[in-house]
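The chain contents come next:
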Amino acid sequence: MQSTGTPGGPPRGYRNRPRAVQERALGKHPAVSAEVQGSCSDKPAGPVYAGADPAMDGVYRPVRYSFPCLIQREQYLNSRSVEGRMSAEAADRVATVTSSRPSTPLQVSWFEFLLDGGLLEHHLQNTNPDPSPVQLIIQFLEQASKPSVNEQHQVQPPVDNRRNRTLKLLALKVAAHMKWDLDSLEKGLTIPVLNMLLNELLCVSKAPAGIKHVDLDLSTLPPTTAMAVIIYNRWAIRTIVLSSFPEKQTKPGPHQMNMLNIVQQEKEMTENILTVLKEQAADSISVLEGALRLKKDSYVHTLRTLDLLGSDAAANGETESSTAGLRISADELHCQVHYDLGGIFFQQGCTDQPAYEKARDHFRMTKELLKKLDVTVHLHLDEKRLAGYWNACKALTGDCDLADPHMTQYDRINSLIRAHNYQAIIEAFIKDNSSRSLPSHFRRSVLRELLYKVQQGESGLDEVCHKLCVCNAVRDALEGEVLSIRFQQLLLKPSKCTVDFMLEVCTRSLDREQPSETSRRNTAGFLRTLCENLEDLSLVFRITSHKLFLELLRDEDRKVLMEQMRKRSATINLSAKPLPSFYDIPASASVSIGQLEQQLVLSQDPRRIRQILIELHGMAERPFWRVNSKWEVPPDYINVVLAIKDNLTKDLVYILVAKGLHCISIKDFGHARQLFSACLELVTEFSPKLRQVMLNEMLLLDIRAHETMAAEGSKERPPPDLVSRVRGYLEMRIHDVPLRQVIGEECVAFMLNWRENDYLTLQVPSSLVMNNPYVKLGQLLASTCKELPGPKESRRTAKELWDVVVQICSVSVQHKRSSDGRLGLIKQRESSLGIMQRSKFITFIKKLREPLVLTTLISLFVRLHSIVRDDIVNEVAAEHLSIWPSSLPNIQAVDVEAVAVTVKELVSYALTLNPNNQSWLVTQADIYFVTNQYSAALSFYLQAGAVCSDFFTKPLPPDVYTDQVLKRMIKCCSMMNCHTQVAILCQFLREVDYMTAFKALQEQNSHDAMDSFYDYIWDVTILEYLTHIHHKRGEMEKRQIAVKAIGQTELNSSNPEEVLQLAAQKRKKRFLRAMAKLYF
């Protein structure tokens, strides 16, 4: 795994150190960011799980360190102070001025530990050392992992010198001082840092290179080497367990792109390490199981043994002896390993049930060994967590004996759940209301588990859940907690048995010799709450007459409660026998009519509707079509329907039509067809006029049903019978039949959507074209679309369509003469010369789905919009613009605002049908551009490019991003102060616009990612200019990024043209994908 580092700033206290000390500690200036590869002296590294190359089939390479981005955060913050570093003389003057002020002692810098060998041990012995041990580890590894730059300005891995080896050894010494406590190390260090530290431990412990840990025999290794392998594999499985816990996401701070990139790199590195650790989890488990077979004591590195390694004293074999280091007894080591193995097996149990049994066995061994140990030096475990693990394993594996006197309350409840002894659980909950030994969250979790079983279909548990809910509610009441929502829902419709059980639980929960005053007061409040919330007064009476109620509530409280009950129902005497329920009272005639009317409103079955109406008319003579105000019949039909003489038939026809139309509006076409068919059968017997009305409505029903299927993706063409019925309706000449305009509108839209252009252009009667505006508009649209491939022949029909649309969008101008005779206020009204109103025209447009028809209309309105706006610079692009006239004879008569609104609505509607139409996307982008909505415009320009290049993975067609489109994208970025994006887009032009690019790069107030975009620049001239301006400004870090970008071999001007073009195309695609992530 490799990462990109960031040059760090000087360490804290650096400026106040003598210059000689600075030079001795640092040696030379820190290098720029690059790939980092660490080393351990000149010896091969030990096996590294998270750094292994999977291509080597289990054989591990030497350790490759890539210092994580966590360390780069401090470098990033410190680097901001490098540019303005003061001179030594200025520092002396400041020190002189501030010397009289009291100040906190300077923090010890990392390089002081290099100069003084005994300083580290002295520092770590302080009570609260500053920096803390984990901070020291980060600083030491940071400095040891910095890359270097050779004379050719090429970034090299960290130099393997004595300084870097000493820094790594210092980091290990700090960890040894912490006794290799993984709990503390995991809290203070990120996964990549800890991975690097433990790999270094393997390295200095001489773990065999090129051999998997699982293939090692720990008993034959030197004690410190075996212990290093064990510590590493313990950390591996612990990290897997910790990564499975949910983690709260930290809120991002101020927008600092460099910092965000660093955090993202650290996250990616952590995910990569976790992936490798999870893949090799089985090996780590095997290694630790092998550690459990070690019978002799183990030894781990201490400060002394690491000192010996640093002074090359290991040659005499002292550090490899059986007694070198901190002694750890076999029982202590086994206890720790059992605990860690139990954690990983418990984590695996969610997908592998038998793993819970393994976890239980390991935790049992942990508990037994823990009892044996009096003093521990290396063992670190959370005994409360161990107890939780143990209880959970017993519950999940069923390892409980009800006869065991030491069984906990948790185990007993879990055993009863597995045994399906639910009555015993209820009894246990009632008893616990007195003892209160079970926490409330555990009781609620038991209820949730049983409710889940009810949802899964297990029968007989509803009553059990109700009783447990009551038990929990009483427990909450006794503790003064808020009653749960589930209990509140239970109070909405409680049964007599439920109320009796509540009173029983309350009584038994207080069944102690001397219940506390708080418990009595809370129980009284609970009973009072029950009385106030129950609606059935007979149930309230059961509570108020209960012995517990009379005992707990004082006389004054009972009187107040009684008064409240009397106000709720003044006619009810609470001390009398409760009244019978509502359903026991015989229904009156008015109640029966109301019930039938309710059924009439809800029913959708024509036979049932007819039956209900017959019953209603037998009870009362009134117009039942007025029962529901939502029943509406179109005004065109209302007179014909209400003219029916028979009242029952009139009600039935009206209701069937109204319900059928409602079903169509909610796209319930099945019920609508049933209702209309029944109505058609009914009216055929007595009214030819109504029969034709119903035939027309059924035609509309079939059209909308087929159009709905097409909108949902169906490619099936309409049946010929439906097309014939549509033609028949358009040509129908029955004078007395009322016709709804919407049906003709839907018929014309239907013919256009299914490309029945031949009928509309050649076969439709001329009289129909003259009398029906929708047919005329449909004929013009069909003719224009049909002739579009032709050159000038299509312009005659297009001119006729143009004139019709212009008239629809025109206004009539009226002058109002004032009292003195002069012309004053000018009024504008929608012109009456158009074949239809503009609102009806837009409604008709939104019924169209055919892409060619919509493209034609978009083209027409774009041309009209350009003419009325009269802005040559900011024209909107569209297809087929050449077929429309280029001027208007009376431009003042056109409503400019109406045209602008229509073109926006039309393009937005078209994109809802097909959001991947490249031409429509560019048109929408142009509309946003000319209205100064630059962010939205850029988003649609990018979408247009994405849909025709498979999201920028294929080369862009040259006709999509023309120079005009690119210049508009450049202006969008410029207006949003994204100047780096401007410079990159200038490369896309056929002739690179260096003037605009250089001007943009001179801007310092840029709102984009700036130097993180440099990798997308392929024009060497622009990169050279970037290098120049950053050097001029003293921005060395950004200059180095530009130098790195320009130094890429594929941008060398000596390369063949094909190589340069390939490099440019690759950067184009990556840049556009990055832009898409920002603006989509």
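Fair warning: this is a prediction, and the values are worked out from it, not measured in the lab.

Cut-offs applied
- As a convention, each chain's residues are numbered from 1 in the sequence order in which they are written.
- Local features are withheld for residues below a pLDDT of 70 in this predicted model, meaning they are given only at 70 or higher, and side-chain atom pairs are given and counted only at 80 or more; totals for whole chains, interfaces and linings count all residues.
- Each side-chain value is derived from all of the structure's non-hydrogen atoms; neither hydrogens nor water enter the calculation.
- Only DSSP runs of H or I reaching four residues or more are called helices, and only runs of E reaching two or more are called strands; each is numbered from the N terminus.
- Each residue gets one of three labels from its accessible area relative to the maximum for its type: buried under 20%, exposed over 50%, partly exposed in between, using a 1.4 Å probe on protein chains only.
- Residues count as neighbours in contact if any of their non-hydrogen atoms are within 4.5 Å of one another.
- For every accessible area listed, the method is Shrake-Rupley and the probe measures 1.4 Å; residues are considered covered only by the protein chains on display.
- Note on method: axes are straight lines fitted to C-alpha atoms, helices fitted across the in-contact stretch only, with angles between N-to-C directions ranging 0 to 180 degrees.
- The cut-offs work like this: below 35 degrees is roughly parallel, past 145 is roughly antiparallel, 65 to 115 is roughly perpendicular, and the gaps in between are oblique.
- What makes a crossing left-handed is the near helix being turned counterclockwise from the far one by less than a right angle; a clockwise turn instead makes it right-handed.
- Gly is put with the polar residues, along with every residue not named as nonpolar or charged; the nonpolar set is Ala, Val, Leu, Ile, Met, Phe, Trp, Tyr, Cys and Pro, and the charged set is Asp, Glu, Lys and Arg.
- Any carboxyl oxygen of Asp or Glu that lies within 4 Å of a side-chain nitrogen of Lys or Arg is treated as forming a salt bridge with it.
- Note on ring pairs: Phe, Tyr and Trp rings are taken, using the six-membered ring of Trp, and paired if centres are within 6.5 Å. Classes follow the plane angle, with under 30 degrees stacked, over 60 edge-to-face and the rest tilted.
- A ring has a charge above it when a Lys NZ or an Arg CZ is no more than 6 Å from the ring centre and no more than 35 degrees off the ring normal.
- Helix span, as expected, comes to 1.5 Å for every residue beyond the first.
- Confidence per residue, as judged by the predictor, is encoded in pLDDT with a range of 0 to 100.

A.B. asks: Even after reading the chapter, I still don't get the overall build of the chain, so can you show me in this structure?
C.D. replies: On a plain count of helices and strands, the chain comes out with 49 helices and six strands. Put simply, the chain has 1080 residues, and 48% of those count as buried. Across the chain, the fraction of contacts at a sequence separation of at least 24, relative to all contacts at a separation of at least 6, is 70%. With an accessible surface of roughly 55,400 Å², the chain has 51% of that area assigned to carbon and sulfur atoms.

A.B. asks: So what exactly am I meant to see when it comes to the environment of Glu 615 here?
C.D. replies: Looking at the element boundaries, Glu 615 is found in helix H28 (residues 606–619). Every residue in contact with Glu 615, bar those within four places of it in the chain, is listed here: Leu 596 and Arg 608.

A.B. asks: What's the story with unusual backbone geometry in this structure? I'm lost.
C.D. replies: One can expect most non-glycine residues to show negative phi and most peptide bonds to be in trans. Although it is not a glycine, Lys 667 sits at a positive phi angle of roughly 60°. Its place among the elements puts Lys 667 in the loop between helix H30 (647–665) and helix H31 (669–683). Since its relative accessible area comes to 56%, Lys 667 is described here as exposed. Despite not being glycine, Phe 952 shows a phi value in the positive range, around 60°.

A.B. asks: How should the packing of helix H47 (residues 1020–1033) against helix H48 (residues 1036–1046) be read in this particular structure?
C.D. replies: Working note: a packed helix pair is described by the angle between its axes plus the distance between those axes. Put simply, H47 and H48 touch, their axes get as near as 8 Å, and they point 160° apart. Taken together, the axes of H47 and H48 are roughly antiparallel relative to one another. Read as a crossing pair, H47 and H48 show a hand that is left-handed. The residues of H48 that touch H47, namely those facing Val 1020, Leu 1023, Glu 1024, Leu 1026, Thr 1027, His 1030 and His 1031, are Met 1036, Lys 1038, Arg 1039, Ala 1042, Val 1043, Ala 1045 and Ile 1046. Here the residues of the contact of H47 with H48 are counted per class, giving eight nonpolar, three polar and three charged.

A.B. asks: Explanation requested: the pattern of salt bridges in the structure shown.
C.D. replies: Opposite charge on two side chains lets them pair, provided their charged atoms get close. Tallying each qualifying case throughout the model produces 35 salt bridges. With a closest N to O distance of 2.9 Å, Arg 673 and Asp 702 form a salt bridge. Of this pair, Arg 673 sits in helix H31 while Asp 702 sits in helix H32 (residues 688–711), placing them 29 residues apart in sequence. A salt bridge links Arg 704 to Glu 746; its shortest N-O distance comes to 3.2 Å. Of the two residues, Arg 704 is situated in helix H32 and Glu 746 in helix H34 (residues 741–753); the sequence distance between them amounts to 42 residues. The class of Arg 704 is partly exposed, set by a relative accessible area of 26%. Overlapping salt bridges, with partners in common, bring together Asp 183, Glu 186, Arg 234, Arg 238 and Asp 340 in one network.

A.B. asks: Explanation requested: the packing of aromatic side chains in the structure shown.
C.D. replies: In this description, a pair of aromatic rings is defined by centroid distance and the angle of the planes. Applying the stated rule across the entire model yields 20 aromatic pairs. Ring centres of Tyr 339 and Phe 363 lie 6.2 Å apart, and the angle between their planes is 65°; on these two criteria the pair is classed as edge-to-face. Here Phe 363 lies in helix H15 (residues 354–372) and Tyr 339 lies in helix H14 (residues 330–348), a separation of 24 residues in the sequence. With respect to class, Tyr 339 is no different from Phe 363; both count as buried. Considering the side-chain rings of Phe 1013 and Tyr 1016, the 5.7 Å spacing of their centres and the 45° angle between planes classify their relative orientation as tilted. The two residues Phe 1013 and Tyr 1016 agree in class, both being buried. Of the aromatic side chains, those joined through ring pairs into one cluster are Tyr 339, Phe 346, Tyr 356, Phe 363 and Tyr 389. Here Lys 467 stacks its cationic end above the ring of Phe 501, 5.2 Å away from the centre of that ring. For the cation-ring pair, Lys 1068 lies above Phe 988, with the distance from its terminal atom to the ring centre recorded as 5.4 Å.

A.B. asks: How should helix H18 (residues 422–435) be read in this particular structure?
C.D. replies: Residues lying three or four places apart along an α-helix face the same way, a consequence of the helix completing one turn every 3.6 residues. With 14 residues, H18 extends 20 Å from end C-alpha to end C-alpha; this agrees with the ideal 20 Å at 1.5 Å per step. Its buried side turned inward, H18 meets helix H17 (409–418), helix H19 (440–455), helix H20 (462–478) and helix H22 (496–509).

A.B. asks: Help me understand the confidence of the model for the chain in this model?
C.D. replies: Interpretation of this model should avoid reading the predicted coordinates in detail wherever pLDDT is low. Averaged over the chain, the pLDDT score is 78; the fraction of residues at 70 or greater is 81%. Under a pLDDT of 50 for its full length, residues 251–258 has, in the predicted model, eight contacts with residues more than four places off or in other chains.

A.B. asks: Whenever I open this one, the environment of Lys 954 confuses me. Can you help?
C.D. replies: Along the chain, Lys 954 turns up in the loop between helix H43 (934–947) and helix H44 (963–975). Between the C-alpha atom of Lys 954 and that of Lys 1069, which follows or precedes it by 115 residues, the distance is 7.8 Å.

A.B. asks: Is there a simple way to think about the packing of helix H41 (residues 896–913) against helix H42 (residues 918–930) in this case?
C.D. replies: One can describe the packing of H41 onto H42 by two numbers: an axis separation of 10 Å at closest approach and a directional angle of 145°. Crossing geometry of H41 relative to H42 is assigned as left-handed. Contacts between H41 and H42 involve Val 903, Lys 904, Val 907, Ser 908, Ala 910 and Leu 911 from the former and Trp 920, Leu 921, Thr 923, Gln 924 and Ile 927 from the latter. Looking at the contact of H41 with H42 residue by residue, the classes come out as seven nonpolar, three polar and one charged.

A.B. asks: I tried to follow H43 on my own but got confused; where do I start?
C.D. replies: Between its first and last C-alpha, H43 extends 20 Å over 14 residues, near the 20 Å set by a 1.5 Å rise per residue. Burial runs high along H43: 10 of the 14 residues are buried. Looking only at H43, the buried set comprises Tyr 934, Ala 937, Leu 938, Ser 939, Phe 940, Tyr 941, Leu 942, Ala 944, Gly 945 and Ala 946. Looking at the buried side of H43, the elements it contacts are H41, H42, H44 and helix H49 (1057–1079).

A.B. asks: It is not clear to me how the environment of Ile 644 should be interpreted in this structure. Could you clarify?
C.D. replies: Among the structural elements, Ile 644 can be located in the loop between helix H29 (635–642) and H30. In sequence terms Ile 644 and Phe 686 are 42 residues apart; their C-alpha atoms lie 9.6 Å from each other. Once residues within four sequence positions are removed from consideration, Ile 644 is found in contact with Thr 649, Lys 650, Val 653, Phe 686 and Leu 690.

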